[in-house]
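Coordinates in review
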Amino acid sequence: MKLHALLGNSQKLDGGAMFGNAPKALWERWLPSDDQNRIDLNCRCLLVQEADRNILFETGVGAFLPPDLRERYGVQEAQHCLLDALADLGLGADDIDIVVLSHLHFDHAGGLLSAWQEGKTPQLVFKNAWFIVGEQAWQRAIQPHPRDKASFIPELPALLEASGRLERINGTRSKRLGDAYRFHYSDGHTPGMLLTELQTDDGPLVFAADLIPGKAWVHLPITMGYDRFPEALIDEKRRLLSDLARRNGRLFFTHDPNIAAGRVVKDEKGKFSVADETVAV
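Bear in mind that the values here come from a model prediction, so they are computed numbers and not experimental data.

**Focus on the nonpolar core**
Grouped together as the largest cluster of nonpolar side chains are 49 residues, with contacts concentrated most on Phe 19, Leu 46, Ile 212, Trp 217 and Leu 251. Once residues lying within four places of it in the same chain are set aside, the contact partners of Ile 212 are Trp 217, Val 218, Lys 237, Leu 241, Leu 251 and Phe 253. By size, the runner-up hydrophobic cluster in this structure holds 36 residues, among which are Leu 101, Phe 106, Val 125 and Ala 141.

The following block contains the structure:
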């Protein structure tokens, strides 16, 4: 098994929105902001290469947005960065066998679509891949709440369903992925978000998605303004972090601009932090 951290485009988003009720005097110590109060964020994907298949965890925001929306949401690159990153490894979109989606917000699933071209309808770029998504997350995408409706891509569910290669998950395992992978669930950010755990030579690794989008959010009280139920999310974080600290496990961060992964540690006062930080895994 080989693991690669890949860029699925990057963003600049409002720091206050990303840090919820934490004051700027606190969060700017971790991630400095620009003159528009925006912080740098990555949309990082994880590629797992097994002997006979390539498994991609999320696809980032991609390049499907038209120029005006790309500017609104702070997407920094016009090209599809994930496809470029795969090409650097000698792979194309058709070489991906499985795509696992924690949820269907556009900054995690937009890379499923072709780059924006005026007058053309976006299409799925992974033409051979099976797509795995949680049933609750799927239902949220097809019937979004007004609070997060703008976070979804209206045409994406129909494209995924029409592919004939969609697996919707209710339990902790996927027949297609196999027993080397299991799912944790989180509802605090959005209903039914899948957090995939895989066993590596360096112990368990959990794709933390938007439960813990980066190192700064390992601190228990820190949540995002985008989170659906912040207090429930904090409880979910505590359970996952306690479990990983006990098992010497690591987290994979989707949005941290500097750190791709880190080992969870807990000090004598019960505070969690990240050690053995890596910019690639």
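On we go.
**Here's the deal with a negative patch on the surface**
A cluster of acidic residues, Asp 52, Asp 94, Asp 95 and Asp 97, forms a negative patch at the surface. Note on placement: Asp 97 falls in the loop between α4 (81–88) and β4 (98–101).

**Things to note about unusual backbone geometry**
Here Asn 37, not a glycine, exhibits a phi torsion of approximately 70 degrees, which is positive. With a phi angle near 65 degrees, Glu 58 is a residue other than glycine that sits in the positive phi range. Of note, Glu 58 is situated in the loop between β3 (54–57) and α3 (67–72). Since its relative accessible area comes to 2%, Glu 58 is described here as buried.

**Comments concerning the packing of aromatic side chains**
Here the structure, examined in full by the defined rule, presents eight aromatic pairs. For the pair Phe 64 and Phe 106, a centre-to-centre distance of 6.5 Å together with 65 degrees between the ring planes defines the contact as edge-to-face. Taken together, the residues Phe 64 in the loop between β3 and α3 and Phe 106 in helix α5 (residues 106–109) connect sequence positions 42 residues apart. In this structure Phe 64 comes out as buried when scored by relative accessible area, which is 9%. Given the relative accessible area of 8%, Phe 106 is considered buried. An angle of 55 degrees between the planes, with centres 4.7 Å apart, marks the rings of Tyr 73 and Phe 106 as tilted.

**What to know about the sheet that holds strand β2 (residues 38–49)**
On the basis of which strands lie adjacent, the open sheet formed by six strands has the order β1-β2-β3-β4-β5-β6 and mixed pairing. Of all the strands in the sheet, just β1 (2–14) and β6 (166–169) have a single pairing partner and so form its edges. The sheet shows a mean angle of 20 degrees between the axes of neighbouring strands, direction not considered. When β1 meets β2, the two strands line up antiparallel, connected through eleven bridges. Following the sheet pairing, Leu 3 is matched in β2 by Val 48.

**Let's talk about α4**
Cys 81, Leu 82, Ala 85 and Leu 86 are the residues of α4 that are buried. Buried residues in α4, looked at end-on, bunch into an arc of 140 degrees, giving them a common side. In the core, the buried residues of α4 are packed alongside β1, β2 and β3. Directly beyond the C-terminal end of α4, a positive phi value near 80 degrees is found at Gly 90.

**A few points about helix α8 (residues 230–246)**
With 17 residues, α8 should cover 24 Å at 1.5 Å per step; its first-to-last C-alpha distance of 24 Å lies within 8% of that length. Those residues of α8 that sit buried are Leu 233, Ile 234, Glu 236, Lys 237, Leu 240, Leu 241, Asp 243 and Leu 244. Of the surrounding elements, those touching the buried residues of α8 are β7 (181–186), β8 (193–200), β9 (203–207), β10 (250–252), β11 (261–266) and β12 (272–278). Just past α8, the residue Asn 248 takes up positive phi, approximately 60 degrees.

Parameters and conventions
Residues numbered from 1 in each chain as written. Predicted model: local features only at pLDDT ≥ 70, side-chain atom pairs only at ≥ 80, totals over all residues. Heavy atoms only, no water. Core = buried A, V, L, I, M, F, W, Y, C linked by side-chain atoms within 4.5 Å. Buried < 20%, exposed > 50% of the residue type's maximum accessible area, 1.4 Å probe, protein only. Contact = heavy atoms within 4.5 Å. Patch = residues over 30% accessible without salt bridge, like charges linked within 9 Å, V, L, I, M, F, W, Y side chains within 5 Å. Areas by Shrake-Rupley, 256 points an atom, 1.4 Å probe, with all protein chains shown as cover. Salt bridge = Lys/Arg side-chain N within 4 Å of Asp/Glu carboxyl O. Lys, Arg positive; Asp, Glu negative; His and termini not counted. Charge placed at Lys NZ, Arg CZ, Asp CG, Glu CD. Helix = DSSP H or I, 4+ residues; strand = E, 2+ residues; numbered from the N terminus. Phe/Tyr/Trp six-rings, centres within 6.5 Å; stacked < 30°, edge-to-face > 60°. Pairing = 2+ DSSP bridges. Axes fitted to C-alpha atoms, helices over the stretch in contact; angles between N-to-C directions. Arc of directions from axis to C-beta. Expected span 1.5 Å × (residues − 1).

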